[in-house]
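Commentary on secondary and tertiary structure
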Amino acid sequence: MARFAIVNRRMDGQYYNGTHKNPTGGYQYYDMRGQILAKPVDNFSILIKAHLGRNRTEVPIDHVGLLEGGTDAQGYAQASRRNIQNNGRTDATTRRAGHFCQCSL
């Protein structure tokens with residue numbers, strides 16, 4: 001017997017980073033899992049499970065305390081509420097994986 005499941009979701013960001021020339025504020029994640037149960041003889045079974053996944057979030061870094069069109073100490077400007085300029089990383093990624101094996105008599 002076997003069972004598998006996969007999910008994949010993605011949303012493009014609602015902001016645009018003018019320095020990196022890419023959208024930001026979105027996310028992408030996937031998860032996969034599966035299990036297999038084998039019964040080679042009547043009173044013996046083997047169960048194997050595994051999972052794998054990743055989350056990636058694009059976090060818009062907003063200038064705090066600046067008026068529209070102002071610049072920060074490094075000279076980066078926020079031209080509007082939806083178009084930001086930032087040379088820092090705006091992503092956060094987490095990964096996960098694992099497995100399990102059980103034998104029963």
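Note that the structure is predicted; figures quoted are calculated from it, not measured. (Residues numbered from 1 in each chain as written. Predicted model: local features only at pLDDT ≥ 70, side-chain atom pairs only at ≥ 80, totals over all residues. Heavy atoms only, no water.)

1. Some points on the overall build of the protein
Along its length, the protein carries zero helices and seven strands. Shown N-terminal to C-terminal, the secondary structure of the protein runs as helices and strands in the order β-β-β-β-β-β-β. Counting the 105 residues in the protein, one finds 17% classified as buried. Relative to all contacts within the protein whose residues are 6 or more apart in sequence, the contacts with residues 24 or more apart total 59%. (Helix = DSSP H or I, 4+ residues; strand = E, 2+ residues; numbered from the N terminus. Buried < 20%, exposed > 50% of the residue type's maximum accessible area, 1.4 Å probe, protein only. Contact = heavy atoms within 4.5 Å.)

2. Remarks on the sheet that holds strand S5 (residues 44-58)
Ordered in space as S1-S4-S5-S7, the four strands form an open sheet in which the pairing is antiparallel. Edge strands, defined here as strands with exactly one partner in the open sheet, are strand S1 (2-11) and strand S7 (91-104). Going across the sheet, the axis of each strand differs from the next one's by a mean of 5 degrees, ignoring polarity. Judged from the 10 bridges that link them, S1 and strand S4 (residues 27-41) form a sheet pairing that is antiparallel. Along S4, the bridge assignment pairs arginine 3 with glutamine 35. (Pairing = 2+ DSSP bridges. Axes fitted to C-alpha atoms, helices over the stretch in contact; angles between N-to-C directions.)

3. Observations regarding a nonpolar patch on the surface
Nonpolar side chains collect at one region of the surface, where Phe4, Ile36 and Ile48 lie side by side and expose about 320 Å² of accessible area between them. Examined against the element boundaries, isoleucine 48 turns out to sit in strand S5. Take isoleucine 48: its relative accessible area is 44%, and that puts it in the partly exposed class. (Patch = residues over 30% accessible without salt bridge, like charges linked within 9 Å, V, L, I, M, F, W, Y side chains within 5 Å. Areas by Shrake-Rupley, 256 points an atom, 1.4 Å probe, with all protein chains shown as cover. Salt bridge = Lys/Arg side-chain N within 4 Å of Asp/Glu carboxyl O.)

4. Thoughts on the packing of aromatic side chains
Between two aromatic rings, the relevant description is the distance of the centres plus the angle of the planes. A complete count under the given rule lists one aromatic pair for this structure. Aromatic side chains tyrosine 27 and tyrosine 29 sit 6.2 Å apart centroid to centroid with 20 degrees between the ring planes, which places their arrangement in the stacked category. (Phe/Tyr/Trp six-rings, centres within 6.5 Å; stacked < 30°, edge-to-face > 60°.)

Distances and angles like these do not, on their own, reveal function.
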